[in-house]
Amino acid sequence: MTKTKKTAAKKTRARKKSTSKKNSKKNSFKRIAIKFTLLGIFLLALAIGVLFSSVYIGLWGKLPDYYTLKNIKNADASEIYSEDGILLGRVYAENRTNVNFKDISPNVINSLIATEDARFYEHQGVDQRSLLRVLVKSLIMRDRSSGGGSTLSQQLAKNLYPRRNFGAFSMPVNKIKEAITASRLEKIYSKKEILQLYLNTVSFGENVFGIESASRQFFSKPASALKTHECAVLIGMLKAPTYYNPRLHPERSKQRRNTVLGQMAKYDFISDNKADQLKKLPLELRYQKQSSRSGIAAYLREKIRIQANNILKDYPKEDGSFYDIYRDGLRIKTTLDYKLQNYAEQSVSEHLKRLQGLFKKHWGNTAPWSGHKNLIEEAKEKSPRYKKLKKEGKSEKEITKIFNTKVEMKIFTWNGEKSVKLSPLDSIKHYVQLLNTGFLAMEPKTGKIKAWVGGIDFSHFKYDHVTAKRQVGSIFKPIIYAAALQEGISPFEYYPNERKVYEEYDNWSPRNADNLYEGSYSMEGALAESVNTIAVDILLETGIRDAIVLAEEMGINSNLPKVPSLALGTANISLLEMIEVYATLANRGVHVEPYYLSRIEDKRGNLIVDLSKTREENRYVLSPQNADIINQMLQAVVNEGTGKSLRNTYRLEGDLAGKTGTTNSQADGWYIGYNSNLVAGAWVGADDMRIHFRSLSLGQGASMALPIYGRFMKKLSSNAKFNNYSFSSIAKPEPEVLAKLNIPHYLSKDNSFFENIFGVKTKKQDKLMKRKARREKRKTEKKSIYQKIKNIFKRKNRN
């Protein structure tokens, strides 16, 4: 018994000792675990502290200081306006219009806070819990995608100072930088100011920045006018602008909109009932692309975009820095009239669409380049695609294969832009046969450009045909006749219509368009009927050098060849220059420099430069009396000559003068018309001069270019607001001069001297005499042909 008790006691003591050892080991493990945990926490805190400190002192890149943050300047789009105050377009690096808090709908603010930062008014820029979560996940769990938790202030910091790549440390480093910047922003700006800054910087995709630009692009209204469900659409885009783009993904955008509406109801910005009603609404957009390269007056806006910064270099800011059209939100005022610009673009579109149809019908199944086998190959080699492939080192064989492989592309057609599958070579064939145009309207007394159309579609054709240089044809002739008057040559003489050979100019012999060389013309008649032989005679009598001097004084800067063919318009001159010449005539000999930029202001409306006062002074380059005579002659072009369709077809009234022009092979068609208050003109042709109409009836200036002017003036005359442009008078020559000018345009060989002086032969008789002369000539030619055929048969019979 005693032994048993002793044995039991020993076992008990052994168990206690074993238990004590186990407990000791457990306690030791706990202590070690606690120590390691505390050490881990310490090391993590130390790592975060070191990381935070390294970011704070700028080892990962300099942080914006308080001064920088106080002077935040978003890139602000500059705006270009017509003279009547209508927005024509914008110029920007980022499509952004900064707005004040008061100009943003409260629903935008509410939906933003409900969706992106419900505790916005409670924190001081950083949500510590969310930030710690992101840091732990990215540092310990190596989850580089761990995001979220950013307040609106942190998002603003990210928008202002985009993230950089630091490898595995990218997320924590960028988050810390944003947290520090956000904290500084909160100390500088009020909550309202932070919301304003945020909504002016945030991206909505499609190169649209800021709530104002987004509102105008997707709903065609200012941000102040947005409705609750429209606000929800735009705020919903912020999570992923492309993924939730309402234009590209309407159903997805609608679901995201409803999520935002649900958040607004959750945080009591709207009632549950209101949210349910709005969720049932369809997604409706009024999308209007805010592009700097589309819309009205695109060609002129592009010219202004290129020139503005160069102009502004002469007008620095007070601090010595230069204005930037892409960032400073400038207000640029032009001389254009919005309505006239619209009329011009409509007239171009209406006529060119019809003309292109005629061109296609005219050529039928025959390619317009059929007589020029190398034309397409040359066009291919000039194309950007070919040059790019060549630069990449592709062989001709590889390039040919690429150009013959069909790909998806968008092409211009007169029925709208079309998505098609074409080979690059086929697209070249499509574009090379398109006719293009330039149109310009200007006030001759002020020099103000009122309408500028550089081509048929700027998004597809960047080349501006207002400033492009092409052969001008007969529209150059008024300069020759004006120079003759300046040199004292009488406008009352008759000039024989004879074809001559000029041996001193390599036996050159000018031809008339109708190939008729009979009778004599008055100076007015020769100009009205565009008689080439007489224009050359008058140029040589005047002196080529004197004619060139006058041309340059009237506004031509292009090189003018010192040859008699100058009288026929063989020089390459721009439409802008020729409009300047005709404006001098309309202004009775006073040259006025044309301009289209009137003033540039900063975004607050303060004047930077008044460009209307920086032009050269007006000056007489042609006597008023001689200008009046030329104007009288050019009225005959409209009333009786090649421009008479303006009266017959377009029913234009009031005084009008003008001139048509056609170049060799009908490659270029021109018309410039005017009265004392408005000069306007058009050029039409293909970019490659080898593409043209084969017949004079279709390819002459009266058919190709004049209808644009006719349509434009017709639209003006139907609007009483523009009566000063459409019904303006033209000054007449002195009565005694006018009486002497009122002589028959044409004299046949059998007309007497007295008929010449007293004008016995009427204008109707003039026309009859000309027709008779043509018939007689055709008969003579036919007889000659028949005689030749008879002679051939006679010789054959003899043999």
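Shown above is the structure to which this text applies.
Residues numbered from 1 in each chain as written. Predicted model: local features only at pLDDT ≥ 70, side-chain atom pairs only at ≥ 80, totals over all residues. Heavy atoms only, no water.

Counted according to the given criterion, the structure contains 17 aromatic pairs. Seen in terms of ring centroids, Phe 218 and Tyr 287 are 5.6 Å apart; in terms of plane orientation they differ by 65°. Their pairing is edge-to-face. With Phe 218 in helix α8 (residues 211–219) and Tyr 287 in the loop between α11 (272–279) and α12 (298–312), the pair connects residues that are 69 residues apart, well separated along the chain. Classification of Phe 218 by relative accessible area gives buried; the value is 0%. Taking relative accessible area as the criterion, Tyr 287 reaches 28% and is therefore assigned partly exposed. Plain terms: the ring middles of Tyr 582 and Tyr 674 are 6.0 Å apart, the flat faces sit at 70° to each other, and that makes the pair edge-to-face. (Phe/Tyr/Trp six-rings, centres within 6.5 Å; stacked < 30°, edge-to-face > 60°. Helix = DSSP H or I, 4+ residues; strand = E, 2+ residues; numbered from the N terminus. Buried < 20%, exposed > 50% of the residue type's maximum accessible area, 1.4 Å probe, protein only.)

Attention shifts here to helix α7 (residues 191–201). Burial of α7 is extensive: eight of the eleven residues sit out of reach of the surface. Taken together, the buried positions of α7 are Lys 191, Ile 194, Leu 195, Leu 197, Tyr 198, Leu 199, Asn 200 and Thr 201.

Counting buried positions over the nine residues of helix α5 (residues 152–160) gives seven, a clear majority of the element. For α5, every residue scored as buried is listed here: Leu 152, Ser 153, Gln 154, Gln 155, Leu 156, Ala 157 and Leu 160.

As a further point, take the sheet that holds strand β21 (residues 746–747). The sheet built from three strands is open, its strands ordered β11-β12-β21 with antiparallel pairing. Every other strand in the sheet has two partners, leaving β11 (494–496) and β21 as the edge strands with one partner each. The pairing of β11 with strand β12 (residues 520–522) spans three bridges and is antiparallel. In the sheet register, Tyr 494 faces β12, and the bridge partner there is Ser 522. Helix α20 (residues 532–542) rests against β11 and β12 of the sheet, and its axis sits at about 110° to β11. (Pairing = 2+ DSSP bridges. Contact = heavy atoms within 4.5 Å. Axes fitted to C-alpha atoms, helices over the stretch in contact; angles between N-to-C directions.)

Another aspect to go through is unusual backbone geometry. Even without a glycine there, the phi angle at Ser 530 is positive, about 55°. One can find Ser 530 in the loop between α19 (523–528) and α20. Among the residues examined, Ser 530 registers a relative accessible area of 15% and is labelled buried. Phi is positive for Ser 665, which is not a glycine, with a value near 65°. Along the polypeptide, Ser 665 turns up in the loop between β18 (657–662) and β19 (669–674).

Turning to the pattern of salt bridges, a few remarks are in order. A side chain with one charge can pair with a side chain of the opposite charge if their charged atoms come near. For the structure on display, the rule yields 25 salt bridges. One salt bridge connects Lys 380 with Glu 377, and the closest N-O pair in it is separated by 3.3 Å. Linking Lys 380 with Glu 377, this pair stays in helix α14 (residues 375–382), spanning three residues, or about one helical turn. A residue is classified by how much of its surface remains accessible, and Lys 380, at 5% relative accessible area, is buried. Between Glu 392 and Lys 388 there is a salt bridge; the shortest N-O distance is 2.8 Å. For Lys 388, a relative accessible area of 52% translates into the label exposed. Taken together, the salt bridges that share partners define one network made up of Glu 83, Lys 448 and Lys 450. (Salt bridge = Lys/Arg side-chain N within 4 Å of Asp/Glu carboxyl O.)

As far as function goes, none of this settles anything; it's purely spatial.
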